[in-house]
Structures are given as C-alpha cells and as structure tokens.
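These are the residues of each chain, in order.
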Amino acid sequence: MQILIISDIHANLTALQAVLSNAGEIDSAWCLGDLLGYGPDPNECIECIRQLPNLVCLIGNHDAAVLNLIDTDAFNPEARQTIVWTQNALLPENETFLKSLPNKIQIDNVTLAHGSPRQPIWEYLLDSYTATRNFDYFDTDFCFVGHTHLPFIFHLKNDQNNASLTIPTPNKKIELSPRAILNAGSVGQPRDRDPRAAYAIFDPDQQTWDYRRVTYEIADVQKRMNNAGLPSRHIQRLSSGW
Ligand code: ZN
C-alpha cells in the first residue's frame, strides 16, 4: 500500500506536478494542509489535489487565513499580501472545499495534523522539548505533520523521557518504529536550503517511510509569481529553498 504524504504545497503547481509524476502509482493521498499562500496557482493546486485517490486533506494556517477563519496579523506583511491576492483569485467551489476540511484527523494508527497534534493550526515543532510534550496529544503510533517546511522525525521510545530528532536522508526508505512524529517537508516552498520539492510515501503494511526530493522548473513558477505581482522575496527564496 502506497500512501502519498504531501504538505505545504503553497499554490505551487509545478512542484506539485513534479511530485505526482515522481511518486508514480499511489493508493491514497494524505495532504497535511497549506494548499494555498505564497504561490501563483491556488485554484489549479486545489483542483489537482482533489483528484488524488482516496484523498484525506487537512486545512493549514494559510488556508484558514484565506478563508478569514483566523486573524492575519500573525503573518508577515508579504505573506498577508499574498493571502489577499489569493482571496481574490479563489473560485467559490474551491473555497467551499477548503471550508470542509478538518485540522486534525486520525486514520487507523496514524494521527494527521498541520502544525502539531496539540495545536493543529499554529504550533511549530522545531525542537525536542516541544515535540516531546506533543506525544501526549495523540494515541496512535505515528503522527504526521507539516507546517515547518522542514523534514524531520521525532522518536519517543518507551524508556526515554525526551524525543530524539533525526533529519532523514532523501531517497532512502526507512522502517518505522513507534512512537514517532514525522514531517515530510514542503512540496511548494522547502526551507531547509534544498530547493527541491519534498514529500514521502508511507506504507502502513510494511511500516516504511520513503522520504523523497524531486527537482522541478522553479523558474516557471517564479515567472507566474512575477506576472501576478507577488512579493519578490517569496519569488527569490524558491531558488535556494529558505
Ligand atoms: Zn506552510
């Protein structure tokens, strides 16, 4: 069983398409939120994701901001500018789809949340202390999150008090052991200084996590962002992945 794990697409259709063609045949797709924000292709990305097989999709903080469900004061001015641009571009049917999405869900032995199981919309899991506290907020063996745009694995073994952090090696499949919080990185705006799109394939039968990076035509996205008048800082950062 091949389950595609994607997060933080951020309206970057070129990166999303590269991920889908690299992933090949999949049985299901779990999308961990932030379909929108930053990028030039909000409707195209939503429409593409909605067609994925057995889709489970969460709402992220940028999506919630576009829907006016959360205050945009916490966003930097450029991110806010793109949220307003996205609000104007978003088609009603895609808005309805986004409004229907949960912010946290449990499927079999996996919990999905955009930011963290404790605070699905906002919390950033960046250190062992925060990750360790979050193990109290889900009962399953595994929890998959997005939001930081940084691929990681936090492991908490029975005899440990603190979760240990591993930065996974791209394109190297690993066997999972409970309990763990995993982040597959960002499709549309990686921030670990590797500009390639990030995603993972989770196999619940084999209990494996296949974290992958894939190149895409960054210049094509930058051109569309430029034409849409989106902030230059966000255009530039795609080239180096920060
Ligand atoms: Zn994001």
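Scroll up a little and you will see the structure.
Since the model is a prediction, treat every value here as computed from it, not as a measurement.

Engineer: Honestly, the overall build of the protein chain in this entry has me stumped. Any pointers?
Structural biologist: Summing up its helical and strand segments, the protein chain has eight helices and 12 strands in all. Its C-alpha radius of gyration of 17 Å places the protein chain within 12% of the 18 Å reference for a compact globule of 242 residues. Over its C-alpha atoms, taken along the principal directions, the protein chain stretches across nearly 55 × 35 × 30 Å. Considering the protein chain as a whole, with its 242 residues, one finds that 57% of them fall into the buried category. For the protein chain, the share of sequence-separated contacts (at least 6 apart) that also reach a separation of at least 24 residues comes to 72%. Entry remark: accessible area of the protein chain is about 10,300 Å², with carbon and sulfur atoms responsible for 45%. Looking at the protein chain, you have 19 positive and 28 negative side-chain charges, and the mean spots of the two groups are 6 Å apart.

Engineer: In this structure, what is going on with the coordination of the zinc ion? I would like to understand it.
Structural biologist: Where a metal carries four tetrahedral donors, each ideal angle is 109.5 degrees; where it carries six octahedral donors, the ideal angles are 90 or 180 degrees. Note on the zinc ion: its protein donors are Asp8 (OD), His10 (NE2), Asp34 (OD) and His149 (NE2). The metal-donor distances range over 2.1 to 2.5 Å. One can describe the site at the zinc ion as irregular: its four donor atoms subtend angles covering 87 to 178° at the metal. When the donors of the zinc ion are listed by position in the chain, the intervening gaps give D-x1-H-x23-D-x114-H. In this pair, Asp34 sits in the loop between strand S2 (28–31) and helix H2 (42–50) while His149 sits in the loop between strand S6 (142–145) and strand S7 (152–155), placing the two residues 115 residues apart along the sequence.

Engineer: Any chance you could explain the side chain of Thr132 here in plain terms?
Structural biologist: With respect to the helices and strands, the residue Thr132 is situated in helix H6 (residues 128–134). For Thr132, a relative accessible area of 6% gives the class buried. Once you skip the residues sitting within four places of it in the chain, Thr132 turns out to touch Asn161, Asn162 and Ala163.

Engineer: Before we go on, may I ask you to explain the pairing of S2 in this structure?
Structural biologist: In regular strands, side chains alternate between the two faces of the sheet. In S2, alternate side chains face the same way, and those of Ser28 and Trp30 on one face and Ala29 and Cys31 on the other are all buried. Inspection of the sheet shows strand S1 (residues 3–6) paired to S2 by four bridges, in the parallel sense. Directly across from Ile6, in S2, lies its bridge partner Cys31. Taken together, S1, helix H1 (residues 13–23) and S2 form a β-α-β motif whose crossover is right-handed. The pairing of S2 with strand S3 (residues 55–57) spans three bridges and is parallel. Looking across to S3, one finds that Ala29 is bridged to Leu55. Regarding topology, H2 serves as the crossover connection from S2 to the parallel S3, and that connection is right-handed.

Calculation notes
- Residues numbered from 1 in each chain as written.
- Predicted model: local features only at pLDDT ≥ 70, side-chain atom pairs only at ≥ 80, totals over all residues.
- Heavy atoms only, no water.
- Helix = DSSP H or I, 4+ residues; strand = E, 2+ residues; numbered from the N terminus.
- Rg over C-alpha atoms; globule rule 2.2 N^0.38 Å.
- Buried < 20%, exposed > 50% of the residue type's maximum accessible area, 1.4 Å probe, protein only.
- Contact = heavy atoms within 4.5 Å.
- Areas by Shrake-Rupley, 256 points an atom, 1.4 Å probe, with all protein chains shown as cover.
- Lys, Arg positive; Asp, Glu negative; His and termini not counted.
- Charge placed at Lys NZ, Arg CZ, Asp CG, Glu CD.
- Donors = N, O, S within 2.8 Å, 3.2 Å for Na, K, Ca; no water.
- Tetrahedral: all angles 85-135°; square planar, octahedral: opposite > 155°, others 65-115°.
- Pairing = 2+ DSSP bridges.
- Right-handed = clockwise from strand over helix to strand, strands pointing away.

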